[in-house]
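These are the residues of each chain, in order.
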Number of protein chains: 2
Amino acid sequence: MTVETSHDPRTGVRLASVEVTHPNTLCEVTGLAAQAAPVVAATPPRERARWLEAVAADLEHPRIAGELVALADAETALGEARLVAELARTAAQLRFYASVAAEGSYLGATLDPASGTTPALGRVHVPLGPVAVFGASNFPLAFGVLGNDTASALAAGCPVVVKAHPAHPQLSRRLVDIAVWALCAAGAPDGTVGMVAGFEAGGALVRSEHVSAVAFTGSQRGGLALWQAANDRPVVIPVFAEMGTVNPVAVTPAAGRDLPTIASGFVDSFTLGTGQYCTKPGLLLAPAGRGASHLVARALADSATGGWALTEGIAAAALAGVDQLVAAGASVVGRVPGPTGGWSMPAVVLEAPLAALRAGSPLLEECFGPVALVAEYDDLAELDQLLTRLPGALAASVMTAGPDDPDTGRLVAGLSRLVGRVAVDQWPTGVAFSWAQQHGGPWPATSAPQTTSVGAAALGRFVRPVTYQQVPDAALPPALRAANPWGLPRRVGGVLS
Amino acid sequence: MTVETSHDPRTGVRLASVEVTHPNTLCEVTGLAAQAAPVVAATPPRERARWLEAVAADLEHPRIAGELVALADAETALGEARLVAELARTAAQLRFYASVAAEGSYLGATLDPASGTTPALGRVHVPLGPVAVFGASNFPLAFGVLGNDTASALAAGCPVVVKAHPAHPQLSRRLVDIAVWALCAAGAPDGTVGMVAGFEAGGALVRSEHVSAVAFTGSQRGGLALWQAANDRPVVIPVFAEMGTVNPVAVTPAAGRDLPTIASGFVDSFTLGTGQYCTKPGLLLAPAGRGASHLVARALADSATGGWALTEGIAAAALAGVDQLVAAGASVVGRVPGPTGGWSMPAVVLEAPLAALRAGSPLLEECFGPVALVAEYDDLAELDQLLTRLPGALAASVMTAGPDDPDTGRLVAGLSRLVGRVAVDQWPTGVAFSWAQQHGGPWPATSAPQTTSVGAAALGRFVRPVTYQQVPDAALPPALRAANPWGLPRRVGGVLS
């Protein structure tokens, strides 16, 4: 295969063919990134922040923004309104990671003066080198070529080689071109951002001696394959794979009386973006005796529609996923058909007995698309027990009867053991980017549960610490010099300053 | 095999037999750790600090200290003076990690207040759960049962299950017993520290569903086997393996005139502890034309002796390692025999042409014991080239002609790309524990190059972040409550306070 073909999900019609990367070109692209790496690493973070701001400004240029939204909509069918908002978010994210770089805490600069026989030590985080970024299908802008992974890697001082997403190859190419121009104009070296396309090029990218880390957003199958490939290298590199999960929502006993409202919110959340969110709530755990699954089915019939999948494969997998859930003991209680033509997916809600939710059951596997499961618990002890059986997930929610609900703390604590983020009276979809965000979670939600792919701490994935012992000031990296030329927050003699 | 046998390295005579752990006992020990985990995690860090201080105080009790040093010397032959100092260090480390826990920055408490449509987010690091600790043979106290890994895991809020080291099974048992009594008296729950013994129990420990992380100090073979076992689990867990490396020392051209002194320091450093340091300088890179290898050979003949290996296996591997270096193109230039009897090792220095130091060459593999290699470079360009071929290492040194040496910065920068710590005019042996320490390094020096096994940041290995979204104050963990009951440093609205 020498080309990748782009399709309109609304019709299935072919839009364009994009050439995949030849092995020689891959070597050039990764080699250029490796050459850029020391230059990018040595650039003061405030200067790199300006590079990111330059990319953000170009994305917001009305002509470019209009073109990107049209291109993205043609290749993803996500709709103009959503894509306009997502593009604005993408630019804001670039500015946020720029501000985190400029603030400088991510460098962890720490100085212990010499004392007695103990030498002077200075510790700082240094960039790992070129990062391979495999963006998501479902957020072609905010988690794509110039999304969280790329922005945080550049902010941390690493060049990026993006693997173009086969679902939106034209958009990927255009986004990289915009970044290359903006970075060049802002003074970044050649190779700061590059791209390869094609399945084989993706594999070669992970195996490239020039690549120091991999960031991935997508399916468990894809993420685990890259993780394995990286572990099979002679020099193993870290893979930060954020993979899909069934994000559970627990309704407290007291909130059972609000189930009609909760059911409606659940439908809105699991059908958002045609259910193509990694934080989609895939499992509603409701108190028994309130007819939860039928309330959800009614809300689905009242308000939801199916929609188009991003790819033919996702549409087929969603249908197969429903069949798999049924085979594993779930029953369909509501189904709304998708639109006519293209890669249409119906919205489906199923119910299953709580006892069937056993570790390893297909009922606990993600079904990507507007599909969700409802299960009822008899009492909190049964729910507590269930929580010990659920696999790791990105996010969870607790729906309560309000601030005085006596069971909120218990369920927040139980769910926090499973996930990277737990929300109260809010749905798990929607991931703000800020200092306190955590987008990750226990295995198999991610391959690196101690890291986040969204929020200020996302930079930490792309650096490693080095300590300098009795190194003269002039030979120290700027972050550790006595004059603190980068104006960093530092810990000196154990005390933050 | 139902027993592990302890030997006197000075004679090879059997000292004692210690029973290995039965599978049922392993389940009990790990189950107890899992039960303790939520209690240890919920304990305020200042209270856990007192637990660690109680263990430190018991280690320093004169009767206990004397007994431990005698037991350690019998099983390791490291000598009383060294072991007295190591025990003092072990107690001081426990107090240091206690102070890091009490200070509270390791929790990374971060609060973003709600703003517009953005929800209130609070992010904090939560303990992973029980940690399996595989201590080192070469530092039976400071990197053993109650060494850096155990101290930092407890400080971070995780119970510890230690795998007893087969080279010092009696010492391991005694250390665990001391800790169990001290922790019990200090109010820690049963299961806060436990131990298993035996090769099979070690494997089962890594596979146990109750174990959440593994910390290891030792050989590459051992570390990589545990890493692979953890990656083969249904739920993969992190392995923090600190493994042996060839730690390079580069002498600047101007420092060539000080080579006689440098040669003598090199011999002292690579024969320290009979060469059984993971930070042993295994490779001296010296300017050509100064007779570096012969100066080292002379210093060896003048001052060094061989010594006893910790185990029969280490003694045999050191001899085999010298043969392997010779087979790979090195020549022996100096050799001092070890003592008579027991697990004696000679001290050996070899030389090899710089061009023979190619990636993958056995010349770049660690030979554990008092064995080192000298190679000469013609000019700095050749040395720079070599540095790109060396594998990742824990530490490196640059020996300079003083503060005005023009090449210090160039070599510090070149070596810092390879290692976790680079020292100037000091030898890599000796790892201070403090805020700014980094003991780790690029693959294959460690399986987790973004972490450290010594220093304040060592706690970070045993926690993961969780974000709480719109969670009412009473349902938040104490670290994020409005009243800040643990008195933590926190980042609020992006600003450290």
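Because the structure is a prediction, the values reported are computed rather than measured.

Reading the values: the criteria
Residues numbered from 1 in each chain as written. Chains lettered and ligands numbered in written order. Predicted model: local features only at pLDDT ≥ 70, side-chain atom pairs only at ≥ 80, totals over all residues. Heavy atoms only, no water. Axes fitted to C-alpha atoms, helices over the stretch in contact; angles between N-to-C directions. Helix = DSSP H or I, 4+ residues; strand = E, 2+ residues; numbered from the N terminus. Parallel < 35°, antiparallel > 145°, perpendicular 65-115°, else oblique. Contact = heavy atoms within 4.5 Å. Nonpolar A, V, L, I, M, F, W, Y, C, P; charged D, E, K, R; others polar. Least-squares fit on C-alpha atoms with pLDDT ≥ 70 in both. Pairing = 2+ DSSP bridges. Expected span 1.5 Å × (residues − 1). Buried < 20%, exposed > 50% of the residue type's maximum accessible area, 1.4 Å probe, protein only. Arc of directions from axis to C-beta. Buried area = accessible area lost by both parts, 1.4 Å probe. Salt bridge = Lys/Arg side-chain N within 4 Å of Asp/Glu carboxyl O. Polar contact = N/O pair within 3.5 Å; in protein donor to acceptor, adjacent residues only side chain to side chain. Core = buried A, V, L, I, M, F, W, Y, C linked by side-chain atoms within 4.5 Å. pLDDT = per-residue confidence, 0-100. Right-handed = clockwise from strand over helix to strand, strands pointing away. Phe/Tyr/Trp six-rings, centres within 6.5 Å; stacked < 30°, edge-to-face > 60°. Lys NZ or Arg CZ within 6 Å of the ring centre and 35° of its normal.

A. Expanded view of the packing of helix 2 (residues 45-60) of chain B against helix 4 (residues 80-103) of chain B. Residue and element names in this part refer to chain B. Look at helix 2 against helix 4: their axes get within 8 Å of each other, and the N-to-C directions meet at 170°. Between helix 2 and helix 4, the interaxial angle falls into the category roughly antiparallel. Residue-level contacts link P45, R46, A49, L52, E53, V55, A56, A57, L59 and E60 of helix 2 to L87, T90, A91, L94, R95, Y97, A98, A101 and A102 of helix 4. Here the residues of the contact of helix 2 with helix 4 are counted per class, giving 14 nonpolar, one polar and four charged.

B. Looking closely at the relation of the copies chain A and chain B. When chain A is fitted to chain B, the best match, at an RMSD of 0.0 Å, comes from turning it 180° and sliding it 0.0 Å along the axis. Taken together, the turn and the small shift mark the pair as related by a two-fold rotation axis.

C. Broad picture of the sheet that holds strand 5 (residues 131-134) of chain A. Residue and element names in this part refer to chain A. Reading across the sheet, the five strands line up as 7-6-5-8-9 and stay open at both edges, with parallel pairing between neighbours. Two strands lie at the open edges of the sheet, namely strand 7 (193-196) and strand 9 (239-243), each paired on one side alone. Strand-to-strand twist of the sheet, defined as the mean angle between neighbouring strand axes without regard to direction, takes the value 15°. Sheet strands touched by helix 5 (residues 148-155): strand 5, strand 6 (160-163), strand 7 and strand 8 (213-218). Its angle to strand 6, the strand with the most contacts, is close to 170°.

D. Layout of the sheet that holds strand 6 (residues 160-163) of chain B. Residue and element names in this part refer to chain B. An order of 7-6-5-8-9 is seen for the five strands of this open sheet, with the pairing classed as parallel. Of all strands in the sheet, those with a lone pairing partner are strand 7 (193-196) and strand 9 (239-243), marking the two edges. The average angle at which neighbouring strand axes cross in this sheet is 15°, direction not considered. Summarising the sheet, strand 6 and strand 7 pair through four bridges and their orientation is parallel. Across the sheet, residue V161 finds its bridge partner in strand 7, namely G194. Running at roughly 160° to strand 7, helix 1 (residues 23-42) makes contact with strand 6 and strand 7 of the sheet.

E. How the structure looks around helix 11 (residues 312-327) of chain B. Residues and elements named next belong to chain B. Across its 16 residues, helix 11 extends 23 Å between first and last C-alpha, which sits within 8% of the 22 Å expected from 1.5 Å per residue. Listed in full, the buried residues belonging to helix 11 are I314, A315, A318, G321, V322 and L325. Axial view of helix 11: buried residues confined to an arc of 120°, hence all on one face. Along helix 11, exposed side chains directed more than 90 degrees from the buried face belong to E312, D323 and A327. The secondary structure elements touched by the buried residues of helix 11 are strand 13 (331-336), strand 14 (344-345), strand 15 (347-351) and strand 16 (371-377). Downstream of helix 11 by one or two residues, G329 has phi in the positive range, about 115°.

F. Just the interface of chain A and chain B, in detail. Residue-level contacts link 61 residues of chain A with 61 residues of chain B. In total, chain A and chain B occlude about 4700 Å² of area from one another, counting both sides; carbon and sulfur atoms represent 56% of this. Of all residues in chain A, A:Q450, A:R464 and A:Q469 bury the most surface against chain B, accounting for 15% of the area lost on that side. One salt bridge in this structure joins A:R491 and B:E103, with 3.2 Å as the shortest N-O distance. Between the two partners, chain A and chain B, sit 42 residue pairs in polar contact (both at pLDDT 80 or more). Here the element with the most residues in the side of chain A that touches chain B is strand 19 (residues 463-469) of chain A; it accounts for seven residues. Considered class by class, the residues forming the side of chain A that touches chain B number 33 nonpolar, 20 polar and eight charged. Bridge count for strand 18 (residues 421-424) of chain A against strand 19 (residues 463-469) of chain B is three bridges, and the pairing is parallel. Its bridge partner lying in strand 19 of chain B, A:V422 is registered against B:Y468.

G. The arrangement of the nonpolar core in detail. With 125 residues, the main nonpolar core has A:F462, A:Y468, B:L283, B:L285 and B:L357 as its most contacted residues. The dominant element in this core, judged by the number of residues it contributes, is helix 4 (residues 80-103) of chain A, at nine residues. For B:L283, the residues in contact, after removing those within four places along its chain, are B:V246, B:N247, B:P248, B:V249, B:F266, B:L357, B:L364, B:L373, B:A375 and B:L390. The next biggest cluster of nonpolar side chains, apart from the first, holds 123 residues, and it includes B:L59, B:L183, B:Y277 and B:V454.

H. Quick look at unusual backbone geometry. Along the chain, A:W443 connects to A:P444 via a cis peptide bond; the corresponding omega equals 5°. In this fold, A:P444 is placed in the loop between strand 18 and strand 19. Here the phi dihedral of A:A77 falls at roughly 60°; this positive angle occurs in a residue that is not glycine. Relative to the elements of secondary structure, A:A77 occurs in the loop between helix 3 (62-76) and helix 4. Accessibility expressed as a relative area gives 12% for A:A77, which makes it buried. Although it is not a glycine, B:D425 adopts a positive phi angle of roughly 55°. By the secondary structure assignment, B:D425 is in the loop between strand 18 (421-424) and strand 19.

I. Examining the pairing of strand 11 (residues 281-287) of chain B more closely. Residue and element names in this part refer to chain B. Counting buried residues along strand 11, seven of its seven residues qualify, which places the element largely inside the surrounding structure. One ladder, built from four bridges, connects strand 10 (residues 247-251) with strand 11; its direction is parallel. Residue pairing for strand 11: A250 is matched across the bridge by L285. The sheet contact formed by strand 11 and strand 16 spans five bridges and is parallel. Looking at the pairing, A286 lines up with E376 of strand 16.

J. Structural detail: the confidence of the model for chain A. Taken as a whole, chain A shows an average pLDDT of 96; of its residues, 100% reach a score of 70 or greater. In the predicted complex, the global pTM is 0.97; the interface-specific ipTM is 0.98.

K. Just the pattern of salt bridges, in detail. Using the criterion set out here, one finds 18 salt bridges over all chains in the structure. Between A:R174 and A:E67 there is a salt bridge whose closest N-O contact spans 2.5 Å. In this pair, A:R174 is assigned in helix 6 (residues 169-186) and A:E67 in helix 3, connecting sequence segments 107 residues apart. By relative accessible area, A:R174 is classed as partly exposed at 23%. The exposure class of A:E67 is partly exposed, given its relative accessible area of 31%. We note a salt bridge from B:R461 to B:D149, for which the minimum N-O separation is 2.9 Å. Remark: B:D149 occurs in helix 5 (residues 148-155) and B:R461 occurs in the loop between strand 18 and strand 19; sequence separation between them is 312 residues. Accessibility classification places B:R461 together with B:D149 in one group, the buried group.

L. Main features of the environment of A:T279. Residue position: A:T279 is located in the loop between helix 9 (259-271) and strand 11 (281-287). Residue classification places A:T279 among the buried residues on the basis of a relative accessible area of 2%.

M. Broad picture of the pairing of strand 6 of chain A. All names here are of chain A. Of the two faces of strand 6, the one carrying V160 and V162 and the one carrying V161 and K163 are both buried. For strand 5 and strand 6, the ladder comprises four bridges, and the chain directions are parallel. Opposite V131, over in strand 6, you have V160 as the bridge partner. Regarding topology, helix 5 serves as the crossover connection from strand 5 to the parallel strand 6, and that connection is right-handed. Tracing the backbone out of strand 6, into helix 6 and back to the parallel element strand 7 gives a crossover that is right-handed.

N. Seen up close, the packing of aromatic side chains. Under the definition given, this model contains 18 aromatic pairs over all chains. Both rings, one in A:F266 and one in A:F270, keep their centres 5.1 Å apart while their planes meet at 55°; by these two values the pair is tilted. Of this pair, A:F266 and A:F270 both sit in helix 9, four residues apart, which is roughly one turn of that helix. Each residue in the set A:F96, A:Y97, A:F433 and A:W435 is aromatic and connected to the rest through ring pairs, giving one cluster. Positioned over the ring face of B:W435 is A:R491, at 4.0 Å from the centre of the ring.

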